[in-house]
Structures are given as C-alpha cells and as structure tokens.
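# Understanding the architecture of this molecule
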Amino acid sequence: MKKWLSLLLVLCLLMPITAVFAEPDQPFVSGVSYGDKFDEYGAVPSMLNFGSAPKLSPGESLYDAKTKKITKLKASTLADSLEKSTYYCYAKWQFAHGFDDYNIDAMLVMTTPAGDYYAMYDSWDITECTNKTICSWFFDVTDLLQRCLDDNSGTFATGTYSFSMFFNDMVFRVTKLTVK
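Everything numeric in this text was worked out from a predicted model, so none of it was measured.

Cut-off values and rules
Residues numbered from 1 in each chain as written. Predicted model: local features only at pLDDT ≥ 70, side-chain atom pairs only at ≥ 80, totals over all residues. Heavy atoms only, no water. Phe/Tyr/Trp six-rings, centres within 6.5 Å; stacked < 30°, edge-to-face > 60°. Helix = DSSP H or I, 4+ residues; strand = E, 2+ residues; numbered from the N terminus. Buried < 20%, exposed > 50% of the residue type's maximum accessible area, 1.4 Å probe, protein only. Contact = heavy atoms within 4.5 Å. Pairing = 2+ DSSP bridges. Axes fitted to C-alpha atoms, helices over the stretch in contact; angles between N-to-C directions. Patch = residues over 30% accessible without salt bridge, like charges linked within 9 Å, V, L, I, M, F, W, Y side chains within 5 Å. Areas by Shrake-Rupley, 256 points an atom, 1.4 Å probe, with all protein chains shown as cover. Salt bridge = Lys/Arg side-chain N within 4 Å of Asp/Glu carboxyl O. Lys, Arg positive; Asp, Glu negative; His and termini not counted. Charge placed at Lys NZ, Arg CZ, Asp CG, Glu CD. Core = buried A, V, L, I, M, F, W, Y, C linked by side-chain atoms within 4.5 Å.

Now for the packing of aromatic side chains. If you walk through the whole model with that rule in mind, you get 10 aromatic pairs. With a centroid separation of 5.8 Å and an interplanar angle of 15°, the aromatic rings of F50 and Y87 are classed as stacked. Of this pair, F50 sits in strand β1 (residues 43-54) while Y87 is found in strand β4 (residues 85-95), placing the two residues 37 residues apart along the sequence. Each member of the pair, F50 as well as Y87, is classed as buried.

In structure tokens, the structure reads:
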C-alpha cells in the first residue's frame, strides 16, 4: 500500500498543475520526495485516525474533549454537523532514542474522491525527548472540510476521502473516511 501511495504521489507531481490545484491547496513542492519512510531520530508512526468531538469552546483542547474515531459517515450528516462538531486527525508516534531538540513541520493533505487537494500546515518543537517517548498531535480539520463543502455548493461528494500526513517532507501515515 505504501509503495502504491508513493507511486501515486510521484505521478501527481509529474503531471502538469491544473486549475483543480488552487494555489493555497496545492501542497506538493516540486523536487521533494514525499515517498521516503519516516525514520528521523528513530521515530515510528503508529497511528493516524480521523474522528470527531463536540464543538470546542475557545481555549478548549481536543486532548480534553470526548473524541470518537470515525471511518464511515453520511454526506448529509457530515455537512449538517460541521457547525456542531470539531473534526480532527490524530497522529501518534514513538521515538526509538532520545534527543535534546527537534522541530516537526507537518502537512496534512485531504484528497477528495474527485482528486482535489485541501492542505493545512503546522509546526512545533519537541524538547528533551527521552528514549521510547510517545508523542501525539491533534489536527483540527473542520476548516478543511468546510472549505471543501463551500467549494462544492454545500454538498460532500460520496466516496473515499484520504487524509495523508507528512512530517518534515516524509510520508507519515494515511487514513481514510468513507462518505456515503
């Protein structure tokens, strides 16, 4: 599966950019190899999940909210619940050995059934990491979904939506959401 995803990403990079790739949502940089295995500092990605939580109040963290992993959802339910829920991708990984400082530049790309990309970026510093430290991060993807909904006249296309995580220009993991 990883080889297939890598091949697909390489093919996407080789194809000419079309109008489908809006400037802010064309996440791939020419010349970057996104198919490399994520192994910097011995990091082992263990999960990337899509899910939801009740709408967060200002200052509330997804770490404190009651979350629910989702793999299938009705298009109408997803569209109707964007105002009432927070949708996220949750990444978890473990470092094989310790280090003092480390910066992670992360890119999360949502690919629609039609092949359109929606991307978001984040960056954070990890300091004083010890051997076998487990790290995790929530990415709030509600805005990504809202932009997709707005671009498609208020409806979500049915099919498979893929969420691909990249850390420091390396493939991390992919998770899928089936929209019926």
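Moving on, we come to the side chain of S85. The topology assignment puts S85 in strand β4. Setting aside anything within four residues of it in sequence, one finds S85 in contact with A53, P54, K55 and T142.

Spatially, β3-β9-β8-β5-β6 is the arrangement adopted by the five strands of the open sheet, whose pairing is mixed. The two strands at the open ends of the sheet, each matched to only one other strand, are β3 (72-73) and β6 (117-129). Strand direction decides the pairing type here: strand β5 (residues 99-111) and β6, joined by 12 bridges, are antiparallel. What sits directly across from M110, in β6, is Y118. Lying on the sheet, helix α3 (residues 142-151) is in contact with β5, β6 and β8 (159-167); it crosses β6 at an angle near 175°.

Let us look at a negative patch on the surface. A contiguous patch of negative charge, built from D100, D101, D125 and E128, is present on the exposed surface. Elements that contribute at least two residues to the negative patch include exactly β5 and β6. Here E128 shows up in strand β6.

If you look at the biggest cluster of nonpolar residues, it comprises 39 residues, and the most contacted ones within it are W93, I126, V141, L145, F156 and F163. In terms of residues, this core owes the most to one element, β5, which gives six residues. With near-sequence residues (within four places) excluded, F163 lies in contact with L48, F50, C89, L108, V109, M110, V141, L145, R173, V174, T175 and L177. By size, the runner-up hydrophobic cluster in this structure holds nine residues, among which are V32, Y117, A119 and F166.

Without other data, these values stay purely geometric and don't point to any function.
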